[in-house]
Amino acid sequence: IYGRIQYRKNLVINIFYKCFVSILPSLPPTIVSAGTNYIRPLSSGKEAYQTNPGEYPLSQYIPKIEAKSQTSGEAQYVDDIPSPPGTLYGAYVLANIGSGDLVSIDASAALALPGVVDFLSAKDIPATNINANGIEIFASKTIIYNGQPIGMVLAQTQALANEASGLVTAQYTNVKPGIYSIQDAIKAQSFYVINPKDINSPVSQGSVATGFSQSDQVFTGSTACGGQIHFHMEPQVCMVVPGENSEFQIFSATQIPSYMGSFLTSATGIPANKFTISVRRCGGGYGGKLTNSIGPVQAITIASIKHRCPIRTVLTLNSNLRQFGGRHPALADYKVGVLNDGTIKALQMSVYVDGGCAIADTEPVAQTLLINLPNCYNIQNYYVSGAICKTNLQSNTYTRGPGWLPAVFLTENILEDIANRLNLDPDVVKRKNFYNKGDVTPTGEILRYWNMDTIWDQVKSSSDFELRKAQVAQYNAANKWTKKGLALVPVKFGVNTTQNKHSAYMNILNDGSVVVTHSGIEIGQGINTKVAQATAYILGIPLSLISVAPYNSNIVPDCGATGGSVTSGLCAEAAIAAGKVFLQKIAPIRQQNPNATWQQLIELAIGNGISLSFQATVDHASIPYNFDYFSYSAAVAQVQVDILTGTVNVERCDILFDCGTSMNVAVDIGQVQGAFMMGLGYVLTEQMLYDPNDGTLISDGTWEYKPPSVKDIPIDLRVALLKNAPNPVNVLGSKAVGEPPLCLGTAVFLAIKAAIRSSRIERGLPGFFTFYAPATVDNVQLACAVDPSQLVFS
Amino acid sequence: QQTLLHYLRSPDVRLTGTKLGCGEGGCGACVVTLTHYDPKQKKLVHRAVNSCLFPLCLVDGHAVVTIEGLGNTKNLHPIQKTLASCHGSQCGFCTPGMVMSLYSYMKAHPEQEKLDLEQCLDGNLCRCTGYRPIIDAARILESSMNQS
């Protein structure tokens, strides 16, 4: 709706041209495709995986244990929990300036509406006014971003609260121009002052000066990728129900219940054991329900203390997007030295990450980025430094694959740039620079387990890569205004299972049925199913006997967050360890009663005074490296690009993913497909847009922000899990799967870039060009740089 | 001013299977089936609507079917059963909308030889599955409908 003026002007002319092409007879064949629309055929997919019947229910293809509840509509999310009588509803009031001071707030118009009960602001906070992102729960004076919470309206219905929140006005002073992009921050040298060691900066190996001097060619370039909204389908939502004696029941869609207690205590002064936090599930998280989920719970708890009644809030999508940050945009300026055969002699990079208005979680993300560069490539002379930009935008936070995704994206763009400069095939250049098993990365990780060569060769073969390379070249020679592109991307993703501890608590009931409570949160990743499978496996009982209970802070308070692609594995490991505790206890009874059924065993156990409650905590010992293992994968993407309009059709993607020995192939294939699609959306259609004058978020809803829909997915999607590749260092031989596949979305971006490049070269433009993600229709078309004089009919 | 979604999820009605996602007609989590009798065509007309936008007052003269109306965990509708077994539901929040879009389309096109169920999912966003297993479920439903 807004801007994109040059694109629109180009489009008018180009569409007229397309129209004439579609009408005129006897045109040169290379022009004809400009006059036809791409007809998207029905999509299809293939899946390949391996199960191990000896281990069932582990490794089996089992839909989620909640599948039927979900497809029947019975599954209960926080907003489905009935409100107790007397519940009030909260709606945020947000600042609409990017930088300045709050002078006063006028809520009188809101409070005049019947049914509006109160307006809460900073003065209502009993103790410390700070949320988990280091930003005030309600602003007291300083405004640091457009969208910062300044208060909350309470009303008898959510609709009324939402309406009333729009009637609250605020007065500001000292309104200053703010910084609203990573490029502006770099220009203004607006960086957070940090200890570079905290983000592993700089990473240095060998001597880049020597490497450049030994190179056939040295050149510079720039690559960047933007922000991304988590876009969990379920909004931010929470409810607090007060009980007696300052006790509170909290229902929250959160991935980080273990932090919730301490932040509630800090805001209210009430000790943590008064809060019972219960989480059944989240309707998606992706990191958006980590620290972001805590502020609303603090706000409604403060409201509940003041009004002594249940309080509930469901944030509108607009309120959510204006208030909370997402993925950290990243930009890299690089200088690289190469030999003419494609060998990389030296790489020097300055990497920038946009932390937003508050640094919050950015240091670990920037650190992850720096230590996962340079993806799969062994570059002996290497120097990378990082800086965190400070802007007046939302404070960015963990978003599925934080740090890892830009690390892969930035590196792969540099590799493709190198190939373009040298006129070599990118896949040849990439393979040439691969690590070998046993090599050490610039940050000291020893690649003891390297199977990228196998994966690379396998996916090239199964995707008919060489054949399709030739077909794409043929197509491009025969078509001037539509081009195809092909790209192959490897991903090396470091996993750290020592960062979080997780627990499982099991209770066997008198009838032999089992209830498991674990410290992870079901956010759609199938964790409850994997924990149930692990429990069934270790106890040797049917899956149907097992029930997984909602998270409860009274049972498993001390645990890590659900994130990092390690939680399912750790909770399954805890379930197995807990099961072993019980098996040990009943071993003597089992020996004496070898033919006893499970129910009989339980009765005997009760009779013998053996406790039917047992637990285990898994806390992997810290390691002297950043990662205890690596996840490897590769993807081939083929796209078709309309040079005149910028529209892209993703024709085919082939993915080969090393999942180790999958605990549940249905769940893991689903994770690969879903994560890949989130990565595809990141590079294709999802773009954060801000008003450059005051930082107002323009992409504040589904009208401007576009996650992929069913028509955006690859027409042909083939996913294979690598066979016969158990992970020697993780539970049951499995590997992380939640985040790594996002990085493979980079292949789609590079395929588009290749298609654009093909058209540019054909029309005499430089094949080397700067092209930042996302490849939206306007970005693509502008990069094609079509001159109207080129729109001819002969 | 009250929307159909708000009414369905209200304490008096308590049909919370239909979800509030974006609240602005862009995500499809709120889709339900609306049916009315068209005297000109002399038949029932079924359509999928975004209940988050649909004013309750305009439902006058219509029948509304929500996900609860199709089946429950003890007795699933074939659409629900197929979507579950294809692992077409991860976090599950888009799922009721997906089911109702499929149902609405199938009700609206009972005699069509080859249904394109992929077409009817255009207004339903899913962030978890990448759509592949949902489309696979739709294909199975297509072929079973063609058989019957």
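Scroll up to find the structure this text is about.
Computed from a predicted model, the values in this text were never measured in an experiment.

Rules of the game
- Residues numbered from 1 in each chain as written.
- Chains lettered and ligands numbered in written order.
- Predicted model: local features only at pLDDT ≥ 70, side-chain atom pairs only at ≥ 80, totals over all residues.
- Heavy atoms only, no water.
- Helix = DSSP H or I, 4+ residues; strand = E, 2+ residues; numbered from the N terminus.
- Rg over C-alpha atoms; globule rule 2.2 N^0.38 Å.
- Buried < 20%, exposed > 50% of the residue type's maximum accessible area, 1.4 Å probe, protein only.
- Contact = heavy atoms within 4.5 Å.
- Areas by Shrake-Rupley, 256 points an atom, 1.4 Å probe, with all protein chains shown as cover.
- Lys, Arg positive; Asp, Glu negative; His and termini not counted.
- Charge placed at Lys NZ, Arg CZ, Asp CG, Glu CD.
- Pairing = 2+ DSSP bridges.
- Axes fitted to C-alpha atoms, helices over the stretch in contact; angles between N-to-C directions.
- Salt bridge = Lys/Arg side-chain N within 4 Å of Asp/Glu carboxyl O.
- Buried area = accessible area lost by both parts, 1.4 Å probe.
- Polar contact = N/O pair within 3.5 Å; in protein donor to acceptor, adjacent residues only side chain to side chain.
- Arc of directions from axis to C-beta.
- Parallel < 35°, antiparallel > 145°, perpendicular 65-115°, else oblique.
- Left-handed = near helix turned anticlockwise from the far one by under 90°.
- Nonpolar A, V, L, I, M, F, W, Y, C, P; charged D, E, K, R; others polar.
- Expected span 1.5 Å × (residues − 1).
- Patch = residues over 30% accessible without salt bridge, like charges linked within 9 Å, V, L, I, M, F, W, Y side chains within 5 Å.
- Core = buried A, V, L, I, M, F, W, Y, C linked by side-chain atoms within 4.5 Å.
- Phe/Tyr/Trp six-rings, centres within 6.5 Å; stacked < 30°, edge-to-face > 60°.
- Lys NZ or Arg CZ within 6 Å of the ring centre and 35° of its normal.

### Some thoughts on the overall build of chain A
Reasoning step 1: A tally of regular secondary structure across chain A gives 21 helices and 25 strands.
Reasoning step 2: For a compact globule of 794 residues, the expected C-alpha radius of gyration is about 28 Å, and chain A comes in at 28 Å, within 12% of that figure.
Reasoning step 3: Its C-alpha atoms give chain A principal-axis dimensions of about 90 × 75 × 55 Å.
Reasoning step 4: Within chain A, the proportion of its 794 residues that are buried is 62%.
Reasoning step 5: If you take every contact in chain A between residues at least 6 apart in sequence, the share linking residues at least 24 apart comes to 82%.
Reasoning step 6: If you sum the accessible surface of chain A, you get close to 27,700 Å²; carbon and sulfur atoms cover 52% of it.
Reasoning step 7: Put simply, chain A has 54 plus and 57 minus side-chain charges, and the middle of one group is 4 Å from the middle of the other.

### As for the overall build of chain B
Reasoning step 1: Scanning chain B from terminus to terminus reveals four helices and three strands.
Reasoning step 2: Helices and strands in chain B line up, N terminus first, as α-β-β-β-α-α-α.
Reasoning step 3: For chain B, the C-alpha radius of gyration of 15 Å lies close to 15 Å, the compact-globule estimate for 148 residues.
Reasoning step 4: Taken over the C-alpha atoms alone, chain B extends approximately 40 × 40 × 30 Å along its principal axes.
Reasoning step 5: Counting over 148 residues, chain B shows a buried share of 55%.
Reasoning step 6: Contacts in chain B between residues far apart in sequence, at least 24 positions, make up 61% of those at least 6 positions apart.
Reasoning step 7: Of the side-chain charges in chain B, 14 are positive and 12 negative, and the distance between the mean point of each set is 5 Å.

### Some details on the environment of B:F54
All names here are of chain B.
Reasoning step 1: In this structure, F54 sits in the loop between β2 (43-50) and β3 (63-65).
Reasoning step 2: It is 9.8 Å that separates the C-alpha atoms of F54 and H6, two residues lying 48 residues apart in sequence.
Reasoning step 3: Beyond its immediate chain neighbours, meaning those up to four positions away, F54 contacts Q2, T3, L4, L34, R47, V49 and V59.

### Here's the deal with the sheet that holds strand β22 (residues 613-618) of chain A
Residue and element names in this part refer to chain A.
Reasoning step 1: Spatially, four strands are ordered β20-β19-β18-β22 in an open sheet, and the strand pairing comes out mixed. Whereas interior strands pair on both sides, the edge strands pair on one side only; in this sheet they are β20 (546-548) and β22. Averaged over all pairs of adjacent strands, the angle between their axes in this sheet comes to 20°, without regard to strand direction.
Reasoning step 2: Pairing of strand β18 (residues 502-508) with strand β19 (residues 514-518) involves five bridges; the strand directions are antiparallel. Its bridge partner being in β19, Y505 is matched across the sheet by T517.
Reasoning step 3: Running over the sheet, helix α16 (residues 567-592) touches β18, β19 and β22 and is turned about 140° from β22.

### Section: the pairing of β2(B)
Residues and elements named next belong to chain B.
Reasoning step 1: Two elements, strand β1 (residues 31-38) and β2, share eight bridges in a ladder whose sense is antiparallel. Bridging from a neighbouring strand, T33 pairs with A48 of β2.
Reasoning step 2: Linking two consecutive strands that pair antiparallel, namely β1 and β2, is a turn of four residues; a positive phi of about 55° is found at K42 within it.

### Quick word on the pattern of salt bridges
Residue and element names in this part refer to chain A.
Reasoning step 1: Inspection of the entire model under this criterion finds 35 salt bridges over all chains.
Reasoning step 2: With a closest N to O distance of 3.0 Å, K735 and D658 form a salt bridge. Note that K735 is positioned in the loop between β25 (716-721) and α19 (740-743) and D658 in the loop between β24 (648-657) and α18 (665-684), a separation of 77 residues in sequence. The two residues K735 and D658 agree in class, both being buried.

### Some points on the interface of chain A and chain B
Reasoning step 1: Counting residues at the interface gives 55 residues for chain A, matched by 48 residues for chain B.
Reasoning step 2: Of the roughly 4,200 Å² buried at the junction of chain A and chain B (both faces included), carbon and sulfur atoms supply 56%.
Reasoning step 3: Its largest share of buried area at the contact with chain B, chain A owes to A:T71, A:M233 and A:V710, together 18% of the area lost on that side.
Reasoning step 4: The tally of links from chain A across to chain B stands at four salt bridges.
Reasoning step 5: With a closest N to O distance of 3.0 Å, B:R9 and A:D79 form a salt bridge.
Reasoning step 6: Summed over the shared surface of chain A and chain B, the result is 22 residue pairs in polar contact (both at pLDDT 80 or more).
Reasoning step 7: Residue assignment for the side of chain A that touches chain B shows that the elements contributing at least two residues are β1 (44-48), α2 (67-72) and α18 of chain A.

### Structural notes on helix α13 (residues 452-462) of chain A
All names here are of chain A.
Reasoning step 1: Buried residues of α13: M452, I455, W456, V459 and K460, and no others. For α13, the buried positions fall inside an angular range of 125° around the axis, keeping them on one side.
Reasoning step 2: Residues of α13 that are buried sit in contact with α12 (426-432), α14 (465-478), β17 (482-495), β23 (629-642) and β24.
Reasoning step 3: Positive phi appears at D464, one or two residues downstream of α13, with a value of about 55°.

### Topic: the packing of helix α11 (residues 404-422) of chain A against helix α20 (residues 746-762) of chain A
Residues and elements named next belong to chain A.
Reasoning step 1: Two numbers describe how α11 lies on α20: the axes approach to 10 Å, and their chain directions differ by 25°. Compared by their axis directions, α11 and α20 come out roughly parallel. When you trace α11 past α20, the crossing you get is right-handed. Of α20, the residues touching α11 (which contributes L405, V408, F409, E412, N413, E416, D417 and N420) are T746, F749, L750, K753 and R757.
Reasoning step 2: Tallied by class, residues from the contact of α11 with α20 come to five nonpolar, three polar and five charged.

### Concerning helix α1 (residues 5-23) of chain A
All names here are of chain A.
Reasoning step 1: Taking 1.5 Å as the rise per residue, α1 with 19 residues should run 27 Å; its terminal C-alpha atoms sit 28 Å apart, in good agreement.
Reasoning step 2: Buried within α1 are the following residues: Y7, N10, L11, N14, Y17, K18 and V21.
Reasoning step 3: Contact partners of the buried residues in α1: β23 and α21 (777-784).

### Description of a nonpolar patch on the surface
Reasoning step 1: Taken together, the side chains of A:V12, A:I13, A:F16, A:F20, A:I23, A:L24 and A:F793 make up a nonpolar region of the molecular surface, amounting to roughly 660 Å² of accessible area.
Reasoning step 2: By secondary structure assignment, the location of A:I23 is in helix α1.

### Section: the sheet that holds strand β2 (residues 88-94) of chain A
Residue and element names in this part refer to chain A.
Reasoning step 1: The strand order across the open sheet built from eight strands is β4-β6-β2-β13-β10-β11-β12-β21, with neighbouring strands paired in mixed fashion. Two strands close off the open sheet at either side, each with one partner strand: β4 (116-120) and β21 (551-552).
Reasoning step 2: As defined by bridge partners, β2 adjoins strand β13 (residues 311-314) across two bridges and the pair is classed as parallel. Counted as the bridge partner of L88 is I311 from β13.
Reasoning step 3: The strands touched by helix α4 (residues 158-165) are β2, β4, β6 (149-155) and β13; relative to β2, the strand with the most contacts, the crossing angle is about 25°.

### Quick notes on the nonpolar core
Residues and elements named next belong to chain A.
Reasoning step 1: Core analysis: the largest hydrophobic core is formed by 198 residues, its most contacted members being M349, W598, F676, V748 and I752.
Reasoning step 2: Aside from chain neighbours lying at most four places away, what touches F676 is A635, C653, I655, P714, L717, P741, L742, L744, G745 and V748.
Reasoning step 3: By size, the runner-up hydrophobic cluster in this structure holds 50 residues, among which are L154, F248, I250 and A253.

### Overview of the side chain of A:Q781
Reasoning step 1: On the secondary structure map, A:Q781 appears in helix α21.
Reasoning step 2: Leave out the neighbours within four places in its chain, and A:Q781 touches A:Y7, A:N10, A:L11, A:N14, A:I643, A:L644, A:T645 and A:G646.

### So, the packing of aromatic side chains
Residues and elements named next belong to chain A.
Reasoning step 1: As enumerated under the stated definition, the model contains 25 aromatic pairs over all chains in all.
Reasoning step 2: A centroid spacing of 5.9 Å and a plane angle of 80° characterise the contact between Y17 and W481, whose relative ring orientation is edge-to-face. With Y17 in helix α1 and W481 in the loop between α14 and β17, the pair connects residues that are 464 residues apart, well separated along the chain.
Reasoning step 3: The exposure class of W481 is buried, given its relative accessible area of 0%.
Reasoning step 4: Relative to W598, the ring of F582 has its centre 6.2 Å away and its plane inclined at 65°; by these criteria the two rings are edge-to-face. Taken together, the residues span a long stretch of sequence, with F582 in helix α16 and W598 in helix α17 (residues 598-607) at a distance of 16 residues.
Reasoning step 5: A relative accessible area of 0% places F582 in the buried class.
Reasoning step 6: Taken together, the ring pairs in this structure connect Y377, F434, Y435, W450, W456, F627, F630 and Y632 into an aromatic cluster.
Reasoning step 7: Positioned over the ring face of F768 is R421, at 4.3 Å from the centre of the ring.
Reasoning step 8: When the ring centre of Y475 is taken as reference, the NZ or CZ atom of K484 above it lies at 4.7 Å.

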